[in-house]
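# Observations on chain architecture
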Amino acid sequence: MVLIRSIDVSPPMVNCSCAWASDYQQLSGLYHCPYTGAVTTRTATLDGFEEDESHTVAFMKDSLSSLNSYGYSPLPLYEYLAWIREFLGEGSSSKPFIISITESSAERLAEMLVAVQQFRASNSTWRSRIAVEFNSSCPNIKGHPPPSYHLPSLKPYLDVFAKAFQDDPTLTIGLKLPPYIIATQFRDVIDCISSYTRTDSGNPTNPIAYFTCTNTLGNSLVFADQTPTLDAKTDMSPFAVPLGLGGLAGEAIHALSLGNVYTFSRLLAESDDPAMREIIIIGAGGVTSPEAVQRMNRAGAKIVGCATLLGKEGVKAFEILSRSL
């Protein structure tokens, strides 16, 4: 069991926001799986993302890795709230949901948070079963680079979350981060988040309760002959995904993701800001085996998440990952 503020994640394993957590059936499978401690939705926007045939995924034949060109969910936020209402109303489980959200502007993001907060307020028992995660790191959105790579672009969104947390300190907020490669990037993120710490009645608190490290590695290229099968459409292109470039995930980024988890874990533990030392890390990236789960834990992750194995195996992935627990 791991507590992220009031969110109880038990067992300490979740799915990452991904294409395999898009629809009702997928979410139902994750919710009723005994090996997931919480369910993370695919990243929703206010009105839904315009998805087409260029948004897809390919698995590699030489490793449990994937390349995807997906954007956000084509389904709007209200669709996910309606499904979650149904799941929570079953009364068959106390498992929480993490609603992954993002938007093109801080103003629209604020509208989404209002809807989430109204949903949480509609049933007193749901306040401790609904968290939000800001996806600040999708590399596949044309014309909209991940704001987590450019902190001045990130701050207007963080301002929205800080205001929401000030109004309601029971709100659990997470931040999904991209893979970083330079030491100064990690310190800049820590300094940026720490600037939002406030002291109320002598108790320092920060609106961000957890980091998910890491999202996919953007601008990655996989050729069609690196995938196990070629369908007729792929045969016409040399690339694994239609546009060539996409977000790399799975075993291919495991070492980099471990490094991100380890670095953030160390910097948070050493922070002079006591509120930063309370931030929990969900480790993701190449979690494809029980041994990978153990490595994430050794690197500093309190909770472990996966996506590529979920796409490959379905919810059975979490039974596979749990064999060492």
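Residues numbered from 1 in each chain as written. Predicted model: local features only at pLDDT ≥ 70, side-chain atom pairs only at ≥ 80, totals over all residues. Heavy atoms only, no water.

### A closer look at the environment of Glu-278
- Structurally, the position occupied by Glu-278 is in the loop between helix H7 (254–270) and strand S15 (280–283).
- Taking C-alpha positions, Glu-278 is 8.4 Å from Tyr-210, a pair spaced 68 residues apart along the chain. (Helix = DSSP H or I, 4+ residues; strand = E, 2+ residues; numbered from the N terminus.)

### Topic: helix H3 (residues 106–121)
- For H3, which comprises 16 residues, the first-to-last C-alpha distance of 22 Å matches the rise-based estimate of 22 Å (1.5 Å per residue) to within 8%.
- Regarding H3, the residues found buried are Ala-106, Leu-109, Met-112, Leu-113, Val-116, Gln-117, Phe-119 and Arg-120. For H3, the angular spread of buried residues about the axis comes to 155°, placing them on one side. Along H3, exposed side chains directed more than 90 degrees from the buried face belong to Glu-107 and Gln-118.
- In this structure, the buried side of H3 is in contact with helix H2 (77–90), strand S7 (97–101), strand S8 (130–135) and helix H4 (151–167). (Expected span 1.5 Å × (residues − 1). Buried < 20%, exposed > 50% of the residue type's maximum accessible area, 1.4 Å probe, protein only. Arc of directions from axis to C-beta. Contact = heavy atoms within 4.5 Å.)

### Overview of the sheet that holds S7
- Strands sit in the order S3-S16-S15-S12-S9-S8-S7-S4 across an open sheet of 8 strands; the sheet is parallel. Bordering the open sheet on either side are strand S3 (13–15) and strand S4 (39–40), each of which pairs with just one other strand.
- By the bridge criterion, 2 bridges tie S15 to strand S16 (residues 303–306) in an arrangement that is parallel. Each bridged residue has a counterpart across the sheet, and for Gly-283 the counterpart in S16 is Val-304. (Pairing = 2+ DSSP bridges.)

### Here's the deal with the packing of aromatic side chains
- If you walk through the whole model with that rule in mind, you get 17 aromatic pairs.
- With a centroid separation of 5.0 Å and 20° between ring planes, the pair formed by Tyr-24 and Phe-87 is classed as stacked. Here Tyr-24, found in helix H1 (residues 24–31), pairs with Phe-87, found in helix H2; they are 63 residues apart in sequence, far enough to count as distant.
- For Tyr-24, a relative accessible area of 24% gives the class partly exposed.
- A relative accessible area of 0% places Phe-87 in the buried class. (Phe/Tyr/Trp six-rings, centres within 6.5 Å; stacked < 30°, edge-to-face > 60°.)

### Describing the pairing of strand S14 (residues 245–250)
- Across the 6 residues of S14, 5 count as buried, placing the element largely inside the fold.
- Relative to S14, strand S13 (residues 217–221) is paired through 3 bridges, and the arrangement is antiparallel. When the bridges of S14 are listed, Ser-220 appears paired with Gly-246.

### Regarding the pairing of strand S6 (residues 65–68)
- Burial along S6 is two-sided: Ser-65 and Leu-67 and Ser-66 and Asn-68, pointing in opposite directions, are all buried.
- As paired strands, strand S5 (residues 57–59) and S6 are joined by 3 bridges and run antiparallel to one another. In the strand pairing of S6, Val-57 is matched with Asn-68.
- Taken together, S5 and the strand that follows it, S6, pair antiparallel across an intervening segment of 5 residues.
- Note: S6 against S14, 4 bridges, orientation antiparallel. Within the sheet, the bridge partner assigned to Ser-65 lies in S14 and is Gly-250.

### Quick word on the side chain of Ser-73
- Looking at the secondary structure, you find Ser-73 in the loop between S6 and H2.
- The class for Ser-73 is buried, based on a relative accessible area of 0%.
- One polar contact links Ser-73 to Tyr-80, side chain to side chain, over a distance of 2.7 Å.
- Excluding residues within four positions of it along the chain, Ser-73 makes contact with Arg-42, Thr-43, Gly-48, Phe-49 and Tyr-80. (Polar contact = N/O pair within 3.5 Å; in protein donor to acceptor, adjacent residues only side chain to side chain.)

### Section: a nonpolar patch on the surface
- A surface patch of nonpolar side chains, about 260 Å² in accessible area, is lined by Leu-221, Phe-223 and Leu-245.
- Mapped onto the secondary structure, Leu-245 falls in strand S14. (Patch = residues over 30% accessible without salt bridge, like charges linked within 9 Å, V, L, I, M, F, W, Y side chains within 5 Å. Areas by Shrake-Rupley, 256 points an atom, 1.4 Å probe, with all protein chains shown as cover. Salt bridge = Lys/Arg side-chain N within 4 Å of Asp/Glu carboxyl O.)

On their own, these measurements won't tell you what the molecule is for.
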